[in-house]
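# Structural features, examined
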Amino acid sequence: MDYKDENQRNDWDGYPNENNSFEDERPLSDTYQDHQTQRESYNQTDTGTSDNHRDSKGNKKPPKNKSMLHFFLGGLSGGIVSVALIVALVLTNIIPINQQSGNNNNATDNSNNEAAEVVKTLASDDADVATNIEETSKAVVGVLNMQQQSVWTESEEAGTGSGIIYKKENGKAYVITNQHVVEGAKEVEIVLNYQEERLNAKVLGTDELTDLAVLEVDGENITTVANMGTSKDLKVGETAMAIGNPLGMQFANTVTKGVVSGLNRSIEIDTNGDQQADWVTEVIQTDAAINPGNSGGALVNENGAVVGINSMKIARSEVEGIGFAIPVDSALPIIEQLEKEGEIERPLIGISTAAINQVPQQYRNEIALPDDVKGGMVIAEVQNGSAASEAGLEQFDVITKINGNEITSILELRQFLYSDASVGETVEMEYYRDGEKQTTELTLQAQEDNETNQSNE
């Protein structure tokens, strides 16, 4: 037990007598002298009036039976104090009620007992979580983006992120990460948290809109695969933990703990760097710390099951604890398609387009619209042989609706094409040419390859 000062120590400790009770609050030297006097009196014959039983003034000393009575009463009172103290500690939960009797052998060493109980309580409280989190951590790896500065030099580490081993099959292991983690990489390497050797990884496919990528590595040394859970049952306020490599491999497999702060958050993304949102992603919000290097790592529940892929955070000086993860239920279909096909098949119209307010001033006179039409997407180019070309669309036509859905931005156009439409579907398009409203039908085609410019729809 810790004491604020020596007086407090004296108020509690005293010293234990032969019955292990707290008897006296006086200094030890005085109490010892009293006991020494008592022992001398016990070893001599009681003559009642002998000089041995008189004090220096000739008065009789207390009879032995009175000394024994004092001794007994002191022991009894000390025992009552001890019992009361133990009851108080139990009621205040300082000593757990389910404490094993074996611990009572060290009852006088309060500091040791308290330290042991703290460790035991923490271990039992987090035992299941720690075990599962530890296993999941082995499936979270470092992802190194290796880039070549020139043709004369070897590839060097240009960035570090995280990844999740989600499958091992036929001697190969497969890793999920973010697209931005491997973007621009000449080579990609994987670092396991239980092995120093780096593994060369092959990028099977990436998708910029969902910010997902799939890697393949040799599975010989892979011992753990993550438990891929579900995000559909998540509730705001439940425990969430982020596992990854913040600031690089120096802090590899860091686990941060928080809660699910929000669900179905819509975050606008600028994929082509034009400062205009061109996609909206649905994410999980968490206050578990997500820092640079955590991208591609795991957001797990208290059972260690992966519920999200850590992707981004709001990084402003006035903001704290707002991070986002891609829901695993949304990610898995994308991951499966990237693994098998290397790309995501999305429907295309076959045009390059821009919002009216983004059209260069020298071309504005080519666009004629009625006064009541305030927005739309202007066609800048029509690809030969595309669905748009076959439907008769031309440069400077202004698309305003598809299947009755208003289209006033690239964001709304992509949301319709990638969320509500499918390859091979025939849609009705409303557009304006020379100020006149017209309609046409076209059959949506598949995106040919991943290198298609993002402005082409």
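Now for a description of the structure that goes with this document. Just so it is clear, the model here is predicted, and its values are computed rather than measured.

### Concerning the pattern of salt bridges
Summed over the entire model, instances satisfying the criterion amount to eight salt bridges. With its nearest N and O atoms 3.2 Å apart, the salt bridge here joins Glu336 to Lys340. Here the residue Glu336 and the residue Lys340 both occupy positions in helix H7 (residues 328-341), the gap between them amounting to four residues, near one helical turn. Since its relative accessible area comes to 43%, Glu336 is described here as partly exposed. Judged by relative accessible area, Lys340 falls into the exposed class, the value being 58%.

### With respect to the side chain of Ser311
Assignment of secondary structure puts Ser311 in strand E11 (residues 306-313). Judged by its relative accessible area of 5%, Ser311 falls in the buried class. Not counting chain neighbours up to four residues away, the residues in contact with Ser311 comprise Asn178, His180, Asp211, Ser295, Phe324, Ala325 and Ile326.

### Some points on the sheet that holds strand E5 (residues 198-207)
Sheet strands line up and pair through hydrogen bonds in the backbone, either parallel or antiparallel. One closed barrel accounts for six strands, arranged E1-E2-E3-E6-E5-E4; its pairing is antiparallel. Here the average twist between neighbouring strands, direction ignored, is 40°. Where H7 meets the sheet, its contacts fall on strand E2 (156-169), strand E3 (172-177), E5 and strand E6 (212-218), and the angle it forms with E6 comes to roughly 55°.

### So, the pairing of E6
In terms of burial, E6 is largely enclosed, as six of its seven residues are buried. As paired elements, E3 and E6 share six bridges and run antiparallel to each other. Paired with Tyr174 across the bridge in E6 is Glu216. Relative to E6, E5 is paired through five bridges, and the arrangement is antiparallel. By the bridge assignment, Lys202 is partnered in E6 with Glu216. In this antiparallel pair of consecutive strands, E5 and E6, the connection spans four residues, and Asp211 shows a positive phi of 60°.

### Details of the packing of aromatic side chains
Under the definition given, this model contains three aromatic pairs. On the numbers, 6.4 Å between centres and 50° between planes, the contact of Tyr166 with Tyr174 is tilted. With respect to class, Tyr166 is no different from Tyr174; both count as buried. One residue, Lys167, lies across the ring of Tyr174, its end atom 5.0 Å from the ring centre. Lying across the ring of Tyr418, Arg346 places its NZ or CZ 5.2 Å from the centre.

### A closer look at the nonpolar core
As a rule of thumb, nonpolar side chains are buried together in soluble globular proteins. Ranked by internal contacts, the top residues of the largest apolar core, which has 39 residues, are Val143, Ile165, Ile190 and Leu215. Among the elements that line this core, the one with the most residues is E6, at five residues. Leaving out residues up to four positions away in the same chain, Ile165 has contacts with Ala139, Val141, Ala173, Tyr174, Val175, Leu192, Ile222, Thr224, Val225 and Ala226. By size, the runner-up hydrophobic cluster in this structure holds 26 residues, among which are Trp279, Ala355, Ala388 and Leu393.

### Let's talk about the environment of Gly161
Inspection of the secondary structure assignment puts Gly161 in strand E2. Judged by its relative accessible area of 0%, Gly161 falls in the buried class. In this structure, the C-alpha to C-alpha distance between Gly161 and Pro292, residues 131 residues apart in sequence, is 7.6 Å. When sequence neighbours within four positions are dropped, the list of residues in contact with Gly161 reads Val141, Gly142, Val143, Val181, Asn245, Gly293 and Ser295.

### Comments concerning unusual backbone geometry
With phi around 55°, Asn264 is a residue other than glycine that occupies positive phi space. Of note, Asn264 is situated in strand E8 (residues 254-269). Residue classification places Asn264 among the exposed residues on the basis of a relative accessible area of 63%. The phi dihedral of Asp434 falls on the positive side, at around 55°, and the residue is not glycine.

### Digging into H7
Since one α-helical turn is 3.6 residues long, residues separated by three or four positions face the same way. For H7, spanning 14 residues, the distance from its first C-alpha to its last is 19 Å, which sits close to the expected 20 Å at 1.5 Å a residue. Of the positions making up H7, those classed as buried are Val328, Ala331, Ile334, Ile335, Leu338 and Glu339. One face of H7 carries all of its buried residues, which in axial projection span an arc of 135°. In H7, the exposed positions angled more than 90 degrees off the buried face are occupied by Lys340 and Glu341. Those residues of H7 hidden inside the fold are in contact with E2, E3, E5, E6, E11 and strand E12 (323-327).

What counts as what
Residues numbered from 1 in each chain as written. Predicted model: local features only at pLDDT ≥ 70, side-chain atom pairs only at ≥ 80, totals over all residues. Heavy atoms only, no water. Salt bridge = Lys/Arg side-chain N within 4 Å of Asp/Glu carboxyl O. Helix = DSSP H or I, 4+ residues; strand = E, 2+ residues; numbered from the N terminus. Buried < 20%, exposed > 50% of the residue type's maximum accessible area, 1.4 Å probe, protein only. Contact = heavy atoms within 4.5 Å. Pairing = 2+ DSSP bridges. Axes fitted to C-alpha atoms, helices over the stretch in contact; angles between N-to-C directions. Phe/Tyr/Trp six-rings, centres within 6.5 Å; stacked < 30°, edge-to-face > 60°. Lys NZ or Arg CZ within 6 Å of the ring centre and 35° of its normal. Core = buried A, V, L, I, M, F, W, Y, C linked by side-chain atoms within 4.5 Å. Expected span 1.5 Å × (residues − 1). Arc of directions from axis to C-beta.

It is worth stressing that arrangement in space is one thing and function is another; only the former is reported here.
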